Amino acid sequence: MAGGYDDRDGKIWMDGKLVEWRDANVHLLTHAMHYASSVFEGERAYNGKIFRSEDHSIRLRKSAELIDFEIPYTVEEIEAAKYETMKANGLTDAYVRAIAWRGAGEDMGVASARNPVRFAVAAWEWGNYYGDAKFKGAKLDISKWKRPSPETIPCDAKAAGLYMICTMSKHAAEAKGCSDAMMFDYRGYVAEATGANMFFVKNGEVHTPLADCFLNGLTRQTVIGMLKEKGITVHERHIMPEELEGFEQCWLTGTAAEVTPVGQIGDYNFEVGAMARDISESYEKLVRS
Ligand code: PMP
């Protein structure tokens, strides 16, 4: 049995070398701990191959640039680190977490140009993100927190600071017996869940919120491509809250979530219908192909 995430057997890749899992620690005065100066990726490997691995590494470097630091490793080096980590832990089907952050150093104020940028990769086995929701349909709460305006935060970065409201939203959702929360954006449009993008079906066509103030997920992009290949019309547009009433099906997409059907959002109900099931199955085939 695995213990807490800080108390497991295995290796973690840290700043250029593999270290014992329990020794992968940072100092209390790490800049990222105080000011959220970290960016990360969540990736999944299937049969030994990380799905869209390079795209994740490119996004990681881009996220760092967006919050004003450069990861001292190339995409190729990041790729090698991820596979080395999987190998060291004997994993072929795994969740891979790459993370870069501003470490402890000469600066302890808000500015931190003199502190080193650190980088690590951990990998472990992780089953369905929403448990049995994959089959039954997830139940979502509606968050009181809104995705912020792109003028207030770099919304294309997969950066720690953007997850503060996600954690609060998810805690509130879990307290109500829900698996996750749907968030509106700062204008009141339907945005996304706390770690996944959203899709809706009406009259055989698909509608998904325009990713203009939240992460345009790689899974989202893959699923849009799959739908179009199947000849299904996809509308990427602003979705008003009132429209939730008229949608027949809904699903979430994300690396961890994969394609998970949604049965309920607040008081709105959705069927776990044929299209949601078909896309979920097609995605599972694609990632293993
Ligand atoms: N939105 C948020 C807030 C996320 O954390 C994630 C997961 N990375 C996604 C969307 C989906 O992104 P992806 O499909 O690239 O995993």
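Data block above holds the structure.
Predicted model only: the values in this text are computed from it and were never measured.

**With respect to the overall build of the protein**
Then comes step 1: Helix and strand counts for the protein come out as seven helices and 15 strands.
Then comes step 2: What you see for the protein is a C-alpha radius of gyration of 19 Å, in line with the 19 Å of a compact globule of 289 residues.
Then comes step 3: Counting all 289 residues of the protein, 50% fall into the buried class.
Then comes step 4: The contacts in the protein between residues at least 6 apart in sequence include a share of 68% that link residues at least 24 apart.

**Thoughts on the site of the ligand**
Then comes step 1: The local shell around the ligand holds 14 residues, among which Lys158, Tyr163, Glu192, Thr219 and Thr255 are the closest.
Then comes step 2: In the environment of the ligand, a nitrogen atom lies 2.7 Å from a nitrogen or oxygen atom belonging to the side chain of lysine 158.
Then comes step 3: At a separation of 2.6 Å, a nitrogen atom of the ligand approaches a polar side-chain atom of glutamate 192.
Then comes step 4: Expressed as a share of its isolated accessible area of 380 Å², the protein-covered part of the ligand is 95%.
Then comes step 5: Among the residues making up the shell around the ligand, the classes are represented as four nonpolar, seven polar and three charged.

**Notes on the sheet that holds strand β6 (residues 117-124)**
Hydrogen bonds between backbone atoms are what pair the strands of a sheet, whose relative direction is either parallel or antiparallel.
Then comes step 1: Pairing in this open sheet of six strands is antiparallel, and the strands run β2-β1-β6-β5-β3-β4 from one edge to the other. Edge positions in the sheet fall to β2 (17-20) and β4 (49-50), since each of these pairs with one other strand and no more.
Then comes step 2: Against the sheet, helix α3 (residues 75-88) contacts β1 (11-14), β2, β3 (38-46), β4, β5 (94-102) and β6, and its axis sits at roughly 40° relative to β6.

**Looking at the nonpolar core**
Then comes step 1: The biggest cluster of nonpolar side chains holds 23 residues, and the ones touching the most others in it are Val39, Leu60, Ile71, Phe119 and Val121.
Then comes step 2: Contributions of two or more residues to this core are made by β3, α2 (53-66), α3, β5 and β6.
Then comes step 3: Element by element, the count of residues in this core is highest for β5, at four residues.
Then comes step 4: Residues in contact with phenylalanine 119, not counting those within four places in the same chain, are Trp13, Met14, Asp15, Leu60, Ile71, Tyr73, Ile78, Ala81, Ala98, Ile99, Ala100 and Trp101.
Then comes step 5: Core analysis: the next-biggest nonpolar cluster, separate from the first, contains 20 residues, Ala133, Phe184, Ile239 and Phe270 among them.

**Concerning α3**
Spacing of three or four residues puts side chains on the same side of an α-helix, whose turn is 3.6 residues.
Then comes step 1: In this model α3 runs 20 Å from its N-terminal to its C-terminal C-alpha over 14 residues, within 8% of the 20 Å that 1.5 Å per residue would give.
Then comes step 2: Residues of α3 that are buried include every one of Val75, Ile78, Glu79, Ala81, Lys82, Thr85 and Met86, and no others. Viewed along the axis of α3, the buried residues span an arc of 160°, placing them on a single side of the element. Opposite its buried face, α3 presents the exposed residues Glu76 and Lys87, each directed more than 90 degrees away.

**Looking at the pairing of strand β7 (residues 138-147)**
Then comes step 1: By the bridge criterion, three bridges tie β7 to strand β14 (residues 258-265) in an arrangement that is parallel. Following the sheet pairing, leucine 140 is matched in β14 by isoleucine 265.
Then comes step 2: Pairing of β7 with strand β8 (residues 180-185), which is carried by five bridges, proceeds in the parallel orientation. Counted as the bridge partner of isoleucine 142 is methionine 182 from β8.

**Focus on the packing of aromatic side chains**
The relation between two aromatic rings is expressed through the spacing of the ring centres and the mutual angle of the planes.
Then comes step 1: Enumeration according to the criterion identifies 14 aromatic pairs in this entry.
Then comes step 2: Here the aromatic rings of tyrosine 95 and tryptophan 124 are separated by 5.2 Å at their centres, their planes lie at 45°, and the arrangement is tilted. Of this pair, tyrosine 95 sits in strand β5 while tryptophan 124 sits in strand β6, placing them 29 residues apart in sequence. Each member of the pair, tyrosine 95 as well as tryptophan 124, carries the same accessibility label: buried.
Then comes step 3: Plain terms: the ring middles of phenylalanine 199 and tryptophan 251 are 5.6 Å apart, the flat faces sit at 15° to each other, and that makes the pair stacked. One end of the pair, phenylalanine 199, is in strand β10 (residues 197-202); the other, tryptophan 251, is in strand β13 (residues 249-254), with 52 residues separating them in the sequence.
Then comes step 4: According to the relative accessible area criterion, tryptophan 251 is buried, its value standing at 0%.
Then comes step 5: In textbook terms, an aromatic cluster arises when at least three aromatic residues are bridged by ring pairs, as seen for Tyr5, Tyr95, Trp124, Trp126, Tyr129 and Tyr130.

Conventions used here
- Within each chain, residue numbers correspond to sequence positions counted from 1 in written order.
- With pLDDT at 70 or above as the cut-off, local features in this predicted model cover only qualifying residues; side-chain atom pairs require 80 or more to be listed or tallied, and sums for whole chains, interfaces and linings still use all residues.
- Only hydrogens and water are removed before side-chain values are computed, so all heavy atoms of the structure are retained for them.
- Strands here are runs of E lasting at least two residues and helices are runs of H or I lasting at least four, both read from the DSSP assignment and numbered beginning at the N terminus.
- When we talk radius of gyration, it's over C-alpha atoms, and the globule rule is simply 2.2 Å times the number of residues to the 0.38.
- Each residue is assigned to one of three classes by its accessible area relative to the maximum for its type, calculated with a 1.4 Å probe on protein chains only: buried under 20%, partly exposed between the two thresholds, exposed over 50%.
- Here a residue-residue contact requires only that any non-hydrogen atoms of the pair lie within 4.5 Å.
- Whether a residue is near a molecule or strand is decided by its heavy atoms; if any one of them lies within 4 Å of it, the residue is near.
- As used in this structure description, the phrase polar contact means that two N or O atoms lie within 3.5 Å; if the pair is within protein, one of them must be able to donate a hydrogen and the other to accept it, and residues adjacent in sequence are counted only when both atoms belong to side chains.
- In these tables, accessible area is a Shrake-Rupley quantity obtained with a 1.4 Å probe, and a residue counts as shielded only by the protein chains included in the view.
- Just so you know the grouping, Ala, Val, Leu, Ile, Met, Phe, Trp, Tyr, Cys and Pro go in nonpolar, Asp, Glu, Lys and Arg go in charged, and all remaining residues, Gly too, go in polar.
- Two strands qualify as a pair provided that DSSP identifies no fewer than 2 bridges between them.
- In this analysis, axes come from line fits to C-alpha atoms, helices being fitted only over the stretch in contact, and the angle between any two N-to-C directions falls in the range 0 to 180 degrees.
- As used here, the term nonpolar core means buried Ala, Val, Leu, Ile, Met, Phe, Trp, Tyr and Cys residues forming a set that is joined through side-chain atoms within 4.5 Å.
- Helix span, as expected, comes to 1.5 Å for every residue beyond the first.
- Arc, as used here, means the arc of the directions from the helix axis to the C-beta atoms.
- A pair of Phe, Tyr and Trp rings is counted when the ring centres sit within 6.5 Å of each other, with Trp represented by its six-membered ring. The angle between the planes then sorts it: under 30 degrees is stacked, over 60 is edge-to-face, the rest tilted.

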